[in-house]
Amino acid sequence: MINFITLSIFPQIFESPLNYSIIKRAQDNNLVKFYHYDIRDFTTNKHNRVDDIIYGGGAGMLMTPQPIFDAIESIKDRFGEVEVIFFTPKGKKLNSEVVQEYAYDSNNKNYILLCGRYEGIDNRIREVLVDKEISIGDFILSGGEFAALIFIDSVVRYIDGALGNKDSLKEESFNENLLEYPQYTRPYDFRGFKVPDILLSGNHKKIADWRKNKQLEITKERRKDLLDKS
Ligand SMILES: C[S@@+](CC[C@H](N)C(=O)[O-])C[C@H]1O[C@@H](n2cnc3c(N)ncnc32)[C@H](O)[C@@H]1O
C-alpha cells in the first residue's frame, strides 16, 4: 500500500482526477490511499497568508517556511516514516525508470507530495525537509498539483495489481528504450483505410517481427536519444 499525502494550497484540485478508472480501482483494492492537506491550515499568520516577498528582490512571492514545516511535522506525527517529494522544474526529470522505482517499492510507503505555488518555496524547506525533487519536464507550470497528479497517475499503473491485464505494461512506449508500434482495432476497412494485412495473418512470429521493426523505425525517427541509451 502506498499512501500519497498531498500538501498544497489548493487541495480541491485533487478531488476529481483521482476518482476514475485505474486510480479509482487501485483505491478500491487498497493498493493506494490519498490524503490531501491544505498548507493554509497550518499558517500562524493572522491574515492566513502562506507567502511573502523574496529577500534580495525579484518579481513575485515565495511560500514561507513556517506552514510547510508545521504541516510536514504534523504529517510525520500521524504517519511515521515519510519521504518528502517536492515538485520543481529544478528536480530530476520524471521518466519511466523513476516511475517504476516508486511503483515497485510500494510496500507500506508514505510519500508527501509537496506542491509549490507562486515563485516556489523558501529554500530552507528544501535544505531541511525535502528528500527528492522531481520535475515533469522543461517548462513551467503554475503549480505543483498538476505535476503531482502526473506522478501519481504514472506510478499507480505500475503497482502490482493496478492494471486489469499486466501484459499492457510490457509493450508500452519506453520499455527497452523503444516507442510503441502502431496499433489498429476494428473495422478492418474504415472509409477505405485498411489495417496492415500482416496483423490479420495469424502468423505470430511475422507479426512480432513487423512490430519490432515498426518500433525501431518510429524510435529512430522521433527519439534517437532512446536508441542511444540502449
Ligand atoms: C510558477 S512555478 C515556480 C517556478 C520557479 N520560479 C522556477 O523558475 O524554478 C510554481 C510551482 O509549480 C511547480 N512546477 C512548475 N513547473 C514544474 C515542473 N516542470 N515540474 C514540476 N513542478 C513544477 C513547482 O512546485 C513550483 O514551485
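Residues numbered from 1 in each chain as written. Predicted model: local features only at pLDDT ≥ 70, side-chain atom pairs only at ≥ 80, totals over all residues. Heavy atoms only, no water.

1. Some points on the pairing of strand β2 (residues 32-38)
With respect to burial, β2 is a largely interior element, five of its seven residues being buried. Crossover handedness for the path strand β1 (residues 2-8) to helix α1 (residues 21-28) to β2: right-handed. (Buried < 20%, exposed > 50% of the residue type's maximum accessible area, 1.4 Å probe, protein only. Helix = DSSP H or I, 4+ residues; strand = E, 2+ residues; numbered from the N terminus. Right-handed = clockwise from strand over helix to strand, strands pointing away.)

2. Looking at the nonpolar core
Within the largest apolar cluster, 33 residues are counted, with the highest numbers of intra-cluster contacts made by F4, L113, F151 and V156. Where this core is concerned, the elements lending two or more residues are β1, α1, β2, β5 (83-93), α3 (96-104), β6 (109-115) and α5 (144-156). By residue number, the principal contributor to this core is α5, which donates seven residues. Discounting residues that sit within four places of it in the chain, L113 has contacts with F4, I5, T6, L7, I85, F87, A148, F151 and I152. With 23 residues, the next largest nonpolar core counts I5, M63, I121 and L129 among its residues. (Core = buried A, V, L, I, M, F, W, Y, C linked by side-chain atoms within 4.5 Å. Contact = heavy atoms within 4.5 Å.)

3. What to know about the sheet that holds β5
If you walk across this open sheet you meet the five strands as β2-β1-β6-β5-β7, and the pairing is parallel. In this open sheet, the two strands that pair with only one neighbour each are β2 and β7 (132-135). Ignoring which end each strand starts from, the neighbouring axes of this sheet average 30° apart. Pairing geometry for β1 and β6, over six bridges, is parallel. Residue N3 lies in a different strand from β6, and its bridge partner there is N110. Across the sheet, α3 lies against β1, β5, β6 and β7, angled at about 175° from β5, the strand it touches most. (Pairing = 2+ DSSP bridges. Axes fitted to C-alpha atoms, helices over the stretch in contact; angles between N-to-C directions.)

So yeah, pure geometry; function would need other evidence.
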